[in-house]
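Here is how the chains run, residue by residue.
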Amino acid sequence: MLILRIFIFYFLLFWLVGFNYVISQNKGQFDHEISFARHLMGRGHYKEALFVLEDLEPGRNSQKDSLNFLLGWILYGQKDLETSAKYLTKVSNDSPFFHQSLFFAAYNHAYLNHTNISDELLSSFDLSSDSRLFYMRNFQYAGLALLDRDLEKFQMLNKKLNNDFILTQSEETNFVSYYGQIKNHPQKSVYLAGLMSMLVPGAGKIYAGKTSEGIANFLYTGALLATTYDLYTSFGVKNPFFIISAIISGVFYTGNIWGSMVAVKRVKNEFNDEIDQRILLDMHIPLRKLFPN
Amino acid sequence: MINVFYWICIFLCANYSLTNVTSASELTIFEDADKLLEEGKYFEAAVSFERIYFTSEDSQSKIIANLKRTEALKQLGEYSKARNDLQRSVHVNTYADLHQEVLYQMAFCDYMDGNYVSSRVFLLQIEHYYPVLRESNEVERLLALVNVMLGQWEQASLHTLSLIEKSLSSQLLKDSLSEETDNLFCSCNWPVEKSEKKAGMLSTFLPGTGHVYAGYPGKGILNAGSQLLSLSFAGVMMWQGLYITGFTVGLGLFQSFYFGGIRQANFLTHQSNLVDFADYKERLSLFIFSIENFQE
């Protein structure tokens with residue numbers, strides 16, 4: 001009987017030790033691979049880090065969070081923002097990486113012009129317990145309002161930003177400057193540009209803000225029209241040289257009108273793209289300061 | 001008492017097996033990585049060697065893993081990455097054999113990546129720290145090649161002659177190749193850098209001559225002809241009383257061909273210089289590569 005008890009005791013002891021050993025080995029292996037992937041990321045070897053992480057099979061939720069965060073972070077580093085946001089939004093709110101994931105997923109969507117998704121993500125969690133995160137969220141909201149060109153909303157949000165948070169101080173000033181630039185940016189008419197170029201070739205382009213292009217347009221369209229007139233006065237309407245010259249001049253004259261109309265749109269798009277890039281950069285810098293790793 | 005005996009047994013047994021597993025797993029990982037390299041799975045091998053570098057606490061193993069990773073990365077053509085990774089081991093000079101190999105591989109990767117000055121810096125370090133390795137054919141060849149790429153023709157010639165001397169045994173072959181080296185590296189064969197400014201000036205005062213100077217006489221004749229034609233057209237039109245047409249079309253075309261010709265002469269001279277130097281460097285490099293084949 002005593003031998004049986006001793007046997008059962010040691011059997012249970014071995015089982016317990018063995019089980020714990022296997023569990024700790026798996027955990028150790030997972031943590032080791034995560035550290036290795038981080039090491040590769042630190043050296044900028046994102047492709048290799050992805051290769052390492054692809055083979056990992058997380059067990060516990062915390063492991064899943066670590067894996068999703070790292071995958072999202074690597075893809076963010078590789079500028080695959082859509083997929084990065086997908087992984088980052090999978091990180092649960094128990095994870096220490098949750099807030100970083102949330103803000104960067106929102107930023108990725110903002111960069112991809114999905115400002116509504118970005119807004120939804122930021123507003124889906126209560127951050128009032130942490131004043132820094134709360135302030136950062138308002139700052140991001142302000143950036144999103146500018147990206148949406150919702151100037152009233154920006155004014156409202158800007159009142160909540162008091163310019164005393166060191167991480168966003170200079171960017172807040174920039175936001176106010178962008179607000180002014182957007183508000184004061186002249187709304188030029190496509191039709192007026194066309195009409196101006198119809199009257200004086202190249203004038204529409206100058207009106208659109210492309211002065212050098214306008215002068216060049218004026219010179220070559222003017223030269224062609226003058227040549228056509230010269231041929232008309234010397235040889236008359238039926239002369240083939242006049243006909244060829246008139247056709248070429250007509251094409252260039254029409255092209256100059258159409259080009260002026262397009263130039264207005266082009267200048268508007270250039271302005272919007274440039275402002276958007278600056279806003280996104282200013283939304284990004286404080287995030288990197290708040291979450292340096 | 002029996003229980004204590006069992007505990008001691010368990011402890012020793014566990015300790016022994018753990019130690020054994022660790023060293024065995026390290027050995028297995030090295031073997032696995034080597035196998036991947038042999039099988040041509042270079043990317044996987046590079047990751048495996050980096051894992052060894054990351055895991056190992058022994059500096060020697062780290063350097064070996066780093067060097068083997070370099071082999072895999074070289075096969076992938078990622079010389080810049082290999083060089084940056086090797087940088088981690090370049091300051092560890094405890095193991096002379098490994099250190100000189102690291103220096104050589106850095107010089108090699110820099111050469112392959114087009115950083116010839118940096119490559120020469122590592123070769124100079126080899127020369128200073130490891131004179132025995134400096135005498136090897138590999139280092140001599142690399143020195144010759146780096147000097148060729150840097151346009152140091154005389155230095156390159158000396159290293160090439162030294163390589164011939166070291167790598168060949170037949171005196172007849174040595175003499176023949178040395179003579180060929182002297183011919184190839186002769187200052188009469190050096191490419192001459194043409195002046196872009198001179199080409200531009202020539203085309204300014206005599207259209208087409210800048211192109212001829214750059215080595216493109218056909219294009220020069222075409223450009224000069226175009227200018228002559230457009231000027232003639234302007235003259236004929238004005239003679240006919242079509243002053244506006246003569247001015248806008250004739251002179252408009254002429255100024256395009258004239259100023260375009262000057263710009264083209266500059267561009268062609270620049271291109272010609274690039275081509276001449278690249279051709280000469282290629283000829284020399286091919287010759288240097290071929291030296292050791294003569295032995296076979």
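In this text, all values refer to a predicted model and were calculated from it rather than measured experimentally. (Residues numbered from 1 in each chain as written. Chains lettered and ligands numbered in written order. Predicted model: local features only at pLDDT ≥ 70, side-chain atom pairs only at ≥ 80, totals over all residues. Heavy atoms only, no water.)

Digging into the overall build of chain A
- From N to C terminus, chain A includes 13 helices and zero strands.
- Radius of gyration (C-alpha) of chain A: 32 Å, far over the 19 Å computed for a compact globule of 293 residues.
- If you line up chain A on its principal axes, its C-alpha atoms span 130 × 50 × 30 Å.
- For chain A, with 293 residues in total, the buried portion stands at 41%. (Helix = DSSP H or I, 4+ residues; strand = E, 2+ residues; numbered from the N terminus. Rg over C-alpha atoms; globule rule 2.2 N^0.38 Å. Buried < 20%, exposed > 50% of the residue type's maximum accessible area, 1.4 Å probe, protein only.)

Describing the packing of aromatic side chains
- Taken as a whole and judged by the stated rule, the model has 27 aromatic pairs over all chains.
- Residues Tyr107 of chain A and Tyr111 of chain A carry aromatic rings whose centres are separated by 6.2 Å and whose planes lie at 50° to one another, so their mutual orientation is tilted. Of the two residues, Tyr107 of chain A and Tyr111 of chain A both sit in helix H5 (residues 98–111), four residues apart, roughly one turn of that helix.
- Exposure remark for Tyr107 of chain A: the relative accessible area of 6% places this residue in the buried category.
- In this structure Tyr111 of chain A comes out as partly exposed when scored by relative accessible area, which is 39%.
- Each member of the aromatic cluster is reached from another via a ring pair, and the members are Phe69, Trp73, Tyr76, Phe97, Phe103, Phe104 and Phe291 of chain A.
- Sitting over the face of the ring of Phe43 of chain B, Lys47 of chain A holds its NZ or CZ atom 5.2 Å from the ring centroid.
- Across from the ring centre of Tyr207 of chain A, 5.7 Å away, lies the NZ or CZ of Lys188 of chain A, which sits over that ring. (Phe/Tyr/Trp six-rings, centres within 6.5 Å; stacked < 30°, edge-to-face > 60°. Lys NZ or Arg CZ within 6 Å of the ring centre and 35° of its normal.)

Details of the interface of chain B and chain A
- With 23 residues of chain B at the contact, the number on the chain A side is 23 residues.
- Of the roughly 2100 Å² buried at the junction of chain B and chain A (both faces included), carbon and sulfur atoms supply 67%.
- Joining chain B to chain A, the criterion identifies four salt bridges.
- The partner of Glu48 of chain A in a salt bridge is Arg69 of chain B, and the shortest N-O contact between them spans 3.0 Å.
- Inspection of the chain B/chain A interface yields 12 residue pairs in polar contact (both at pLDDT 80 or more).
- Elements supplying a minimum of two residues to the side of chain B that touches chain A: helix H1 (2–38), helix H2 (42–55), helix H4 (79–86) and helix H14 (243–295) of chain B.
- Top contributing element to the side of chain B that touches chain A by residue count: H2 of chain B, with seven residues.
- Of the residues belonging to the side of chain B that touches chain A, the class tally is 11 nonpolar, five polar and seven charged. (Contact = heavy atoms within 4.5 Å. Buried area = accessible area lost by both parts, 1.4 Å probe. Salt bridge = Lys/Arg side-chain N within 4 Å of Asp/Glu carboxyl O. Polar contact = N/O pair within 3.5 Å; in protein donor to acceptor, adjacent residues only side chain to side chain. Nonpolar A, V, L, I, M, F, W, Y, C, P; charged D, E, K, R; others polar.)

Focus on unusual backbone geometry
Residues and elements named next belong to chain A.
- Despite not being glycine, Asn113 has its phi angle at roughly 70°, a positive value.
- Take Asn113: it is sitting in the loop between H5 and helix H6 (115–123).
- Backbone geometry places Arg149, a non-glycine residue, at a positive phi of 60°.
- Tracing the sequence through the fold places Arg149 in the loop between helix H7 (131–147) and helix H8 (151–158).

A look at H6 of chain A
- Residues of H6 of chain A that are buried include every one of Thr115, Ser118, Leu121 and Leu122 of chain A, and no others. Buried residues of H6 of chain A, viewed axially, fall in a sector of 120°; they line one side. (Arc of directions from axis to C-beta.)

Description of the nonpolar core
All names here are of chain A.
- Counting 63 residues, the largest nonpolar core has Leu53, Phe103, Leu146, Phe175, Ile279 and Met283 as the members making the most contacts within it.
- The greatest single-element share of this core, amounting to 10 residues, is contributed by H7.
- The contacts of Phe175, once residues within four sequence positions are left out, are Phe139, Ala142, Gly143, Leu146, Phe154, Ile279, Asp282 and Met283. (Core = buried A, V, L, I, M, F, W, Y, C linked by side-chain atoms within 4.5 Å.)

Comments concerning the state of the cysteines
All names here are of chain B.
- Under the defined criterion, the tally for this structure stands at one disulfide over all chains.
- Through a disulfide, Cys186 is tied to Cys188; the S-S separation comes to 2.3 Å. Between Cys186 and Cys188 the sulfur-sulfur dihedral comes to about 130°; the bridge is accordingly right-handed.
- With relative accessibility at 25%, the residue Cys186 sits in the partly exposed group.
- For Cys188, a relative accessible area of 59% corresponds to the exposed category. (Disulfide = S-S within 2.5 Å.)

Describing a nonpolar patch on the surface
Residue and element names in this part refer to chain A.
- On the surface, a cluster of nonpolar side chains totalling about 850 Å² of accessible area is made up of Leu192, Leu195, Met198, Leu199, Val200, Ile206, Ile215, Phe218 and Leu219.
- Breaking the nonpolar patch down by element, the ones donating at least two residues are helix H10 (190–199) and helix H12 (211–235).
- Counting residues per element, the nonpolar patch draws most heavily on H10, which supplies four residues.
- Relative to the elements of secondary structure, Leu219 occurs in helix H12.
- Look at Leu219 and you get exposed, because its relative accessible area is 55%. (Patch = residues over 30% accessible without salt bridge, like charges linked within 9 Å, V, L, I, M, F, W, Y side chains within 5 Å. Areas by Shrake-Rupley, 256 points an atom, 1.4 Å probe, with all protein chains shown as cover.)

A short note on the confidence of the model for chain A
- Considering every residue of chain A, the mean pLDDT works out to 90; 92% of them sit at 70 or more.
- Segment residues 21–25 of chain A: pLDDT under 50, and one contact once partners within four positions in sequence are set aside and those in other chains are kept. (pLDDT = per-residue confidence, 0-100.)

As for the packing of H5 of chain A against H7 of chain A
All names here are of chain A.
- The geometry of H5 relative to H7 is characterised by a closest axis approach of 11 Å and an angle of 5° between their N-to-C directions. Compared by their axis directions, H5 and H7 come out roughly parallel. Within the contact between the two elements, H5 uses His99, Phe103 and Ala110 and H7 uses Leu133, Met136, Arg137, Gln140, Leu144 and Leu147.
- Looking at the contact of H5 with H7, its residues break down into six nonpolar, two polar and one charged. (Axes fitted to C-alpha atoms, helices over the stretch in contact; angles between N-to-C directions. Parallel < 35°, antiparallel > 145°, perpendicular 65-115°, else oblique.)

Observations regarding a negative patch on the surface
All names here are of chain B.
- On the surface, Asp175, Glu179, Glu180 and Asp182 cluster together into a patch of negative charge.
- As for its placement among the helices and strands, Glu179 is situated in helix H10 (residues 171–184).
- In this structure Glu179 comes out as exposed when scored by relative accessible area, which is 54%. (Lys, Arg positive; Asp, Glu negative; His and termini not counted. Charge placed at Lys NZ, Arg CZ, Asp CG, Glu CD.)

Overview of the side chain of Asn147 of chain B
All names here are of chain B.
- By the secondary structure assignment, Asn147 is in helix H8 (residues 137–149).
- Residue classification places Asn147 among the buried residues on the basis of a relative accessible area of 2%.
- When sequence neighbours within four positions are dropped, the list of residues in contact with Asn147 reads Arg120, Gln152, Gln155, Ala156 and His159.

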